[in-house]
Amino acid sequence: RIKFQKQADSLIKLLLSEPAAIKKQFPLVFGLTQKTMGYRKIAEEQEDQGIRAYQKALQLLLPHGYWEEAASVELLWGNLMLQKGELEEATNHYFEGIRYTDNCEDDCKLLRSILRTRIARIKVKLQEYDEAEELYEKTIEDQQKIKDSIRLARTYYNYGTLLAERQNWKKAKDYFSEAE
């Protein structure tokens, strides 16, 4: 208990005297704090401040290899752009998030599948069907590996809808059957 108290005291002194030193020692904590602040600012309709917080979060997380956390920032930022109807910018943020998840192996499959699904839906809206199909297929692979049956059923359904829209009836039927 005494050891813990000494560590806490030294941390408080350091925090009060050198906040920059703390940021260097705890980039994950400060990065996630910035992510949360960004989300809160956007919810409060202070979009510019929210985006600046997302930028700061990425500056703290990326140099230290916090790939999954950085990808989740890109997901939130992409969602904001999607809500604003800025499909290309949303897609760029989602792809950037995917790029980050490529660095964290199996731990990021769920997040990667969510990012790919968002992009696939945008590609369908833009009638870029071949790209959407490729994204759905990769998403299905990841979701099967992590046994995410609920998201997998939705992906089967969305992919089946895309295939039906392209009049690929047999394949669409197969995916709708899988979704059940």
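Residues numbered from 1 in each chain as written. Predicted model: local features only at pLDDT ≥ 70, side-chain atom pairs only at ≥ 80, totals over all residues. Heavy atoms only, no water.

Section: the environment of tyrosine 66
Quick reminder of the rule: Counting from the N terminus, the helices are the DSSP runs of H or I reaching at least four residues and the strands are the DSSP runs of E reaching at least two. When checking whether two residues touch, look at their non-hydrogen atoms; a contact exists if any pair is within 4.5 Å.
Structurally, tyrosine 66 can be placed in the loop between α4 (47-61) and α5 (67-83). Tyrosine 66 sits 37 residues away from asparagine 103 along the chain, and the two C-alpha atoms are 9.3 Å apart. Setting aside anything within four residues of it in sequence, one finds tyrosine 66 in contact with Pro27, Leu28 and Leu61.

Describing the state of the cysteines
Stated formally: By convention in this document, the label disulfide applies to cysteine sulfur atom pairs within 2.5 Å. A simple rule labels every residue: compare its accessible area, found with a 1.4 Å probe on the protein chains alone, to the largest value its type can have, and call it buried under 20%, exposed over 50%, or partly exposed in between.
Going through the model one piece at a time under the given rule, you end up with 1 disulfide. Disulfide pairing places cysteine 104 opposite cysteine 108 at an S-S distance of 1.7 Å. Between cysteine 104 and cysteine 108 the sulfur-sulfur dihedral comes to about -120°; the bridge is accordingly left-handed. Cysteine 108 matches cysteine 104 in its accessibility class, with the two residues each being buried.

Focus: unusual backbone geometry
Although it is not a glycine, glutamine 127 adopts a positive phi angle of roughly 60°. Position of glutamine 127 among the secondary structure elements: in the loop between α7 (109-125) and α8 (129-145). The class of glutamine 127 is exposed, set by a relative accessible area of 58%. At glutamine 167, a position not held by glycine, the phi torsion is positive, near 60°.

Looking at the packing of α4 against α5
Inclusion rule: Inter-axis angles, ranging from 0 to 180 degrees, are taken between N-to-C directions of lines fitted to C-alpha atoms, where helices are fitted over the stretch in contact. Relative orientations are named as follows: roughly parallel for angles under 35 degrees, roughly antiparallel for angles over 145 degrees, roughly perpendicular for angles from 65 to 115 degrees, and oblique for any other angle. Left-handed describes a crossing in which the near helix is turned anticlockwise from the far one by less than a right angle; the clockwise case is right-handed. Three classes are used, and their members are as follows: Ala, Val, Leu, Ile, Met, Phe, Trp, Tyr, Cys and Pro are nonpolar, Asp, Glu, Lys and Arg are charged, and the others, Gly among them, are polar.
Their axes nearest at 9 Å, the elements α4 and α5 cross at an angle of 160°. With respect to α5, the element α4 is oriented roughly antiparallel. Handedness of the crossing formed by α4 with α5: left-handed. Between α4, through Glu47, Ile51, Tyr54, Gln55, Ala57, Leu58 and Leu61, and α5, the contact on the second element is made entirely by Glu69, Ala70, Val73, Glu74, Leu76, Trp77, Leu80 and Met81. Of the residues assigned to the contact of α4 with α5, the class counts are 11 nonpolar, 1 polar and 3 charged.

Some words on α5
In plain terms, the rule: A helix's residues, less one, multiplied by 1.5 Å, set its expected span.
Between its first and last C-alpha atoms α5 spans 24 Å; for 17 residues at 1.5 Å apiece the expected length is 24 Å, and the two agree. Each element contacted by the buried residues of α5 is listed here: α3 (27-43), α4, α6 (87-101) and α7. Backbone geometry just downstream of α5 places glycine 85 in the positive-phi region, at approximately 85°.

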